[in-house]
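# Geometric and topological summary
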Amino acid sequence: DAKTTQPPSMDCAEGRAANLPCNHSTISGNEYVYWYRQIHSQGPQYIIHGLKNNETNEMASLIITEDRKSSTLILPHATLRDTAVYYCIVRVGTYKYIFGTGTRLKVLA
Amino acid sequence: GAVVSQHPSWVICKSGTSVKIECRSLDFQATTMFWYRQFPKQSLMLMATSNEGSKATYEQGVEKDKFLINHASLTLSTLTVTSAHPEDSSFYICSARDQGQETQYFGPGTRLLVL
C-alpha cells in the first residue's frame, strides 16, 4: 500500500499559487518525499524531492513539516500547462515507489 | 539529463501474439529499472523491479511467465508480454534509477491494445 494520502482533486486559478498537501505519517527517518506529476497519456515527470529541509527548484517548492508527517508542494504561479495528476511518494523498501491515487489539479483560466 | 525512452510508443496486436517493449536510459547508467502498468483513470501499479544482470523481482499477483523482463545492460531493459490477451491492454511505463541515486526517471509510456 502507498504510504501517502492526498486529496483526490483541487482547482486553482491561473496565475495563483497551487498548494498541494500530502500526508505521510508513517515515514521513516531516512526516507525521502518525492513529487511527480502525470499529464494525460504521458509518463510521470519528476518535480522535486526532499528529506527534512524545504526545497526549491525551477518548477516548485517543497515544504516539509518539522515532524515530517506531511508536506506541501507549491507551484508558485500555476499555468494551464500545470493541469495534471500530482503524486506524492515515499519510497517503500529498496528503491520501490508505490503510487497512491494522487491529486488531480485543474488550473482554471 | 536523466532521459528515459520507450519503444514503441504504441502497439496494436492480435490476441495470442507476444509484444516486446524496450526501455532505455539515454544519458545515464540505470542500475535498476522498474516496470509499471496503468489502466484508464487509475494510478500506476508497480509490476516488477529489475537489476542489471540479475532476475527481475515481481510484485505479488504479477505473472512472471507472462511478463518477461530482461535487463541485459545498464541502459536497456525489455518487457515482453507473452500470449497477449485483450485484458493485457494497458499503458506500460518504465522508470530507471541512476546508480547511487534514489530518484526514478520515467519513460513516456507504451500504449498496448490487444484485439
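## Re the nonpolar core
Within the largest apolar cluster, 24 residues are counted, with the highest numbers of intra-cluster contacts made by W35, F67, L79, Y92 and L112 of chain B. At the level of elements, β2 (10–13), β3 (19–25), β4 (30–38), β5 (45–51), β7 (67–73), β8 (76–81), β9 (90–98) and β11 (110–114) of chain B are the ones that each hand at least two residues to this core. Residues within four places of F67 of chain B in sequence aside, it is in contact with R37, M47, Y58, V62, L79, T80, V81, D88 and Y92 of chain B. Counting 21 residues, the second largest nonpolar core, distinct from the first, contains C22, I27, V33 and W35 of chain A.

## What to know about a nonpolar patch on the surface
All names here are of chain B. A cluster of nonpolar side chains, W10, I12, L113 and L115, forms an exposed patch at the surface whose accessible area comes to about 460 Å². Inspection of the secondary structure puts L113 in strand β11. We classify L113 as partly exposed; its relative accessible area is 39%.

## Observations concerning the packing of aromatic side chains
Each aromatic ring pair is characterised by the separation of its centres together with the angle its planes make. Evaluation of the coordinates by the stated rule reveals 13 aromatic pairs over all chains. Each ring, one from Y36 of chain A and one from F106 of chain B, has its centre 5.2 Å from the other, and the planes form 80°; the classification is edge-to-face. Pair noted here: Y36 of chain A is in strand β3 (residues 33–38) and F106 of chain B is in strand β10 (residues 104–106), and the two residues belong to different chains. The exposure classification of Y36 of chain A matches that of F106 of chain B, with both residues buried. A centroid spacing of 6.4 Å and a plane angle of 40° characterise the contact between F67 of chain B and Y92 of chain B, whose relative ring orientation is tilted. Placement of the pair is F67 of chain B in strand β7 and Y92 of chain B in strand β9, with a sequence separation of 25 residues. With a relative accessible area of 3%, F67 of chain B lands in the buried category. One aromatic cluster in this structure is built from Y32, Y34, Y36, Y46, Y87, Y97 and F99 of chain A together with F28, Y36, Y105 and F106 of chain B. Geometry around F91 of chain B places R111 of chain B over its ring, the cationic atom sitting 4.4 Å from the centre.

## Digging into the pattern of salt bridges
A complete count under the given rule lists five salt bridges over all chains for this structure. A salt bridge links D82 of chain A to R37 of chain A; the shortest N-O distance between them is 2.7 Å. In this pair, D82 of chain A sits in the loop between β7 (70–75) and β8 (84–90) while R37 of chain A sits in strand β3, placing the two residues 45 residues apart along the sequence. On the accessibility criterion, D82 of chain A (11% relative accessible area) is buried. When its relative accessible area of 11% is taken as the criterion, R37 of chain A is described as buried. R24 of chain B is the partner of E22 of chain B in a salt bridge, and the nearest nitrogen-oxygen pair spans 3.4 Å.

## Concerning the interface of chain B and chain A
Where the parts come together, the accessible area they lose is often given as the size of the interface. Counting residues at the interface gives 21 residues for chain B and 19 residues for chain A. Counting the surface lost from both chain B and chain A, the interface buries some 1600 Å², and carbon and sulfur atoms represent 53% of this. Counting every contact that joins chain B to chain A gives one salt bridge. Here E59 of chain B and K96 of chain A are joined by a salt bridge, their closest N and O atoms 3.0 Å apart. Joining chain B to chain A, the criterion identifies seven residue pairs in polar contact (both at pLDDT 80 or more). Of all the elements in the fold, those that place two or more residues in the side of chain B that touches chain A are β4, β5, β9 and β10 of chain B. Classifying every residue of the side of chain B that touches chain A by side-chain character gives nine nonpolar, eight polar and four charged.

## Focus: the sheet that holds β7 of chain B
All names here are of chain B. Pairing is antiparallel across the open sheet formed by four strands, whose spatial order is β1-β3-β8-β7. Every other strand in the sheet has two partners, leaving β1 (4–7) and β7 as the edge strands with one partner each. When the angles between neighbouring strand axes are averaged without regard to direction, this sheet yields 15°. Here β3 pairs with β8 via six bridges, running antiparallel. Its bridge partner lying in β8, R24 is registered against L76.

Conventions used here
Numbering of residues starts from 1 in each chain and follows the order in which that chain's sequence is written. Whichever chain is written first is A, and whichever ligand is written first is 1; the rest continue in order. Residue-level local features of this predicted model are given only where pLDDT is at least 70; pairs of side-chain atoms are given and counted only at 80 or more, and the full residue set underlies all totals for whole chains, interfaces and linings. The side-chain quantities take in all heavy atoms of the structure and omit both hydrogens and water. Remark: nonpolar core denotes a set of buried residues (Ala, Val, Leu, Ile, Met, Phe, Trp, Tyr, Cys) joined through side-chain atoms within 4.5 Å. Note on exposure labels: buried denotes an accessible area under 20% of the residue type's maximum, exposed denotes more than 50%, and partly exposed covers the range between, all computed with a 1.4 Å probe on protein chains only. Secondary structure follows DSSP: runs of H or I at least 4 residues long count as helices, runs of E at least 2 residues long count as strands, and numbering of each begins at the N terminus. Note on definitions: a residue-residue contact is assigned when non-hydrogen atoms from the two residues lie within 4.5 Å. Without a salt bridge and with relative accessible area above 30%, a residue can belong to a patch; like charges are then joined within 9 Å and nonpolar side chains (Val, Leu, Ile, Met, Phe, Trp, Tyr) within 5 Å. Accessible areas in this description were obtained via Shrake-Rupley with a 1.4 Å probe; residue shielding takes into account the shown protein chains only. Salt-bridge detection follows one rule: a side-chain nitrogen of Lys or Arg within 4 Å of a carboxyl oxygen of Asp or Glu. Any pair of Phe, Tyr and Trp rings, taking the six-membered ring for Trp, is counted once the centres come within 6.5 Å. Such a pair is stacked with planes under 30 degrees apart, edge-to-face with planes over 60 apart, and tilted for the rest. Note on criteria: charge over ring means Lys NZ or Arg CZ within 6 Å of the ring centre, with the direction from the centre no more than 35 degrees off the ring normal. Buried area is calculated as the accessible area (1.4 Å probe) missing from two parts once they are joined, with the contributions of both summed. Within 3.5 Å is the distance limit for a polar contact, defined as a pair of N or O atoms, with the added protein rule that one can donate a hydrogen and the other accept it, and that residues adjacent in sequence qualify only through two side-chain atoms. As a working rule, the residues Ala, Val, Leu, Ile, Met, Phe, Trp, Tyr, Cys and Pro are called nonpolar, Asp, Glu, Lys and Arg charged, and the rest polar, with Gly in that last group. Two strands form a pair only when DSSP identifies at least two bridges running between them. Note on method: axes are straight lines fitted to C-alpha atoms, helices fitted across the in-contact stretch only, with angles between N-to-C directions ranging 0 to 180 degrees.

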